[in-house]
Amino acid sequence: MSTPHPSARATPAPAPAVRAGRAVRKAVIPAAGLGTRFLPATKATPKEMLPVVDKPAIQYVVEEAAAAGLDDVLMVTGRHKRAIEDHFDHAFELEQALAAKGDTVRLDAVRDPARLASIHHIRQGEPLGLGHAVLCARRHIGDQPFAVLLGDDLIDPRETLLSRMLDVRDRLLGSVVALMEVPPGQIHRYGCAAVEPTGEEGVVRVTGLVEKPAPQDAPSRYAVIGRYVLDPDVFTVLERTPPGRGGEIQLTDALEQLASGGTVHGIVFEGLRHDTGDKADYLRAVVRPACERPDLGPEFVAWLRGFLGELDGTRPGHRDVAA
Ligand code: UTP
């Protein structure tokens, strides 16, 4: 069976909800972590390049930045830098071959990543932590506020989280983090925020932050997820931040210092989000868009229903074709 259309055509990014005159123009995407939770797949491939249907996870993240009007993207990469660099570059041989065949759909899909934004790369020599990865961006960012989007953290493209965060930064200044309420048993996987209300629906003031607390030490159920809008002050704090949990320079520790000065706000996010660096969440991140894709969904959902029937014993086994 021939492969249907590439997803870039089937699920276009939402129309940019860009407000004129925003202070933030640049995004930083840290993608230099070791990805140990996903070994051995990540031995020679960055986890950010693992496919979610037919695009690498990091492409969705760049699309999200571009949709929010951030047209300058700095990738902080480590080992395996080339796969990420190549993906966001032109591929002349491939483009020529597709052009010669008149395959414009695939040609566009191949060209799209390089057209999303002005993309830059910097190398984090050693994976010394997320805070250190952000510090590596200092020269490129300069003295302006900027966004940080973790390259393995996927937010449903229909959401407007990043735009809301940029709006809050424009109005309240300081830094803005994205928060998600999680069950108490999961808080130890995240940075956790102590918060107080601001009077504005969905916006809280962050009064403290702690990295990966035990459930009994967690100040709330609000987990920090992989979207930040940071004031350039964070660089000065990061420079002085010693290695913390896991021996890594933690962004959470630097934000904790900024929060104690009253300059950090949180946006409470209630939408869909997946950590593709976690195996179980990666599978969820792939299945949902596959079901929703017009070119793949009908056949895949029919198969999935049959498979689930097999699992719960209501349908005969060995179903390897669509019902
Ligand atoms: P993670 O906490 O997921 O760590 O990083 P990790 O090392 O990548 O993965 P595991 O836990 O070993 O499986 C969160 C984000 O910060 C980046 C990662 O690439 C990811 O996007 N990161 C982390 C860096 O860029 N540099 C670092 O030193 C650490």
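Computed from a predicted structure; not experimentally measured. (Residues numbered from 1 in each chain as written. Predicted model: local features only at pLDDT ≥ 70, side-chain atom pairs only at ≥ 80, totals over all residues. Heavy atoms only, no water.)

Quick look at the site of the ligand now. Close to the ligand lie 19 residues; T36, R37, K47, Q124 and G129 are nearest. L34 places a main-chain nitrogen or oxygen 3.1 Å from an oxygen atom of the ligand. Within the side chain of K47, an N or O atom sits 2.8 Å from an oxygen atom of the ligand. In isolation the ligand exposes 570 Å². Once the protein is present, 85% of that is buried. Contributions of two or more residues to the shell around the ligand are made by β1 (26-31) and α6 (130-135). Here the shell around the ligand is composed, by residue class, of 9 nonpolar, 6 polar and 4 charged. (Near = heavy atom within 4 Å. Polar contact = N/O pair within 3.5 Å; in protein donor to acceptor, adjacent residues only side chain to side chain. Areas by Shrake-Rupley, 256 points an atom, 1.4 Å probe, with all protein chains shown as cover. Helix = DSSP H or I, 4+ residues; strand = E, 2+ residues; numbered from the N terminus. Nonpolar A, V, L, I, M, F, W, Y, C, P; charged D, E, K, R; others polar.)

The two faces of the sheet receive side chains in turn, since in a regular strand these alternate between them. Summarising the sheet, strand β9 (residues 191-197) and strand β10 (residues 203-211) pair through 7 bridges and their orientation is antiparallel. Its bridge partner lying in β10, P197 is registered against V204. Where β9 folds back on β10, the antiparallel hairpin that results is connected by 5 residues, among which G199 adopts a positive phi of roughly 95°. Pairing of β10 with strand β12 (residues 264-268), which is carried by 3 bridges, proceeds in the antiparallel orientation. Each bridged residue has a counterpart across the sheet, and for V204 the counterpart in β12 is G266. (Pairing = 2+ DSSP bridges.)

Our next topic: the packing of helix α9 (residues 233-240) against helix α10 (residues 251-260). Closest axis-to-axis distance for the α9/α10 pair is 9 Å, and the angle between their directions is 120°. Of the possible angle classes, the one that applies to α9 and α10 is oblique. Like other packed secondary-structure pairs, α9 and α10 cross with a definite hand, here right-handed. Taking contact as the criterion, the partners of D233, V234, V237, L238 and R240 in α9 are, on α10, L251, A254, Q257 and L258. Class assignment for the residues of the contact of α9 with α10 results in 6 nonpolar, 1 polar and 2 charged. (Axes fitted to C-alpha atoms, helices over the stretch in contact; angles between N-to-C directions. Parallel < 35°, antiparallel > 145°, perpendicular 65-115°, else oblique. Left-handed = near helix turned anticlockwise from the far one by under 90°. Contact = heavy atoms within 4.5 Å.)

With that settled, consider the side chain of D152. Along the polypeptide, D152 turns up in the loop between β6 (146-149) and β7 (153-155). Assessed through its relative accessible area of 8%, D152 is described here as buried. (Buried < 20%, exposed > 50% of the residue type's maximum accessible area, 1.4 Å probe, protein only.)

All right, on to α9 then. Restricting attention to buried positions, one finds in α9 the residues V234, F235, V237 and L238. Angularly, the buried residues of α9 cover 165° about the axis, an arc narrow enough to put them on a single face. Residues of α9 that are exposed and point over 90 degrees away from its buried face: E239 and R240. Along its buried surface, α9 packs onto α6, α7 (138-141), β6, β11 (222-230) and α10. (Arc of directions from axis to C-beta.)

This paragraph deals with the packing of aromatic side chains. One pass over the full model with this rule turns up 4 aromatic pairs. A ring pair is formed by F146 and F235, whose centres lie 5.1 Å apart and whose planes are at 0°; its orientation type is stacked. Taken together, the residues F146 in strand β6 and F235 in helix α9 connect sequence positions 89 residues apart. As far as the burial class goes, F146 and F235 line up, both buried. Judged by centre distance (6.0 Å) and plane angle (15°), the ring pair of F300 and W303 falls under stacked. With F300 and W303 both in helix α12 (residues 297-311), this residue pair falls 3 residues apart, about one helical turn. Three or more aromatic residues link up through ring pairs in this structure, and these residues are F300, W303 and F307. In this arrangement the basic side chain of K55 is found over the ring face of Y60, its NZ or CZ atom lying 4.6 Å from the centre. (Phe/Tyr/Trp six-rings, centres within 6.5 Å; stacked < 30°, edge-to-face > 60°. Lys NZ or Arg CZ within 6 Å of the ring centre and 35° of its normal.)

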